[in-house]
Amino acid sequence: KIRDEDVMRAFPFISASILLFGPLSCLGQCPNRCSNNGVCNGLVCDCASGFTGGDCSVRTCPSGSAFSDVAETADTAHLSTVCSGRGSCIAGNCACNDG
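Residues numbered from 1 in each chain as written. Predicted model: local features only at pLDDT ≥ 70, side-chain atom pairs only at ≥ 80, totals over all residues. Heavy atoms only, no water.

### Comments concerning the overall build of the protein chain
Helix and strand counts for the protein chain stand at two helices and eight strands. Reading the secondary structure of the protein chain in the N-to-C direction produces α-α-β-β-β-β-β-β-β-β. A total of 99 residues make up the protein chain; the buried ones form 14% of that total. Long-range contacts, defined as pairs at least 24 residues apart, comprise 11% of the intrachain contacts of the protein chain with a sequence gap of at least 6. (Helix = DSSP H or I, 4+ residues; strand = E, 2+ residues; numbered from the N terminus. Buried < 20%, exposed > 50% of the residue type's maximum accessible area, 1.4 Å probe, protein only. Contact = heavy atoms within 4.5 Å.)

If you want it as structure tokens, here you go:
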């Protein structure tokens, strides 16, 4: 059986890390703790609505029916698109096109 003392003697860096930062489970956390905008599932962030990115730090813009677009198929138009297709997404806010 492996004893804690044996591990600490063989791997002093890990032992010091545990003393400073807590148990080894803290080493397997999500990036940036999901920026407090999501939930950590293993090593991957599950971002809350309105956020995206590997660490949930990027704001998303709202989507809505496209103001104008080209039909994809018969009876299929005005699909959901970012900023309703009438602007650009800048830091989570829609910047409307001129006009």
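### Quick look at the side chain of Asn37
By the element assignment, Asn37 lies in the loop between helix H2 (12-21) and strand S1 (38-41). One polar contact links the side chain of Asn37 to the main-chain carbonyl oxygen of Cys56, over a distance of 3.1 Å. Once residues within four sequence positions are removed from consideration, Asn37 is found in contact with Cys47, Ala48, Phe51 and Cys56. (Polar contact = N/O pair within 3.5 Å; in protein donor to acceptor, adjacent residues only side chain to side chain.)

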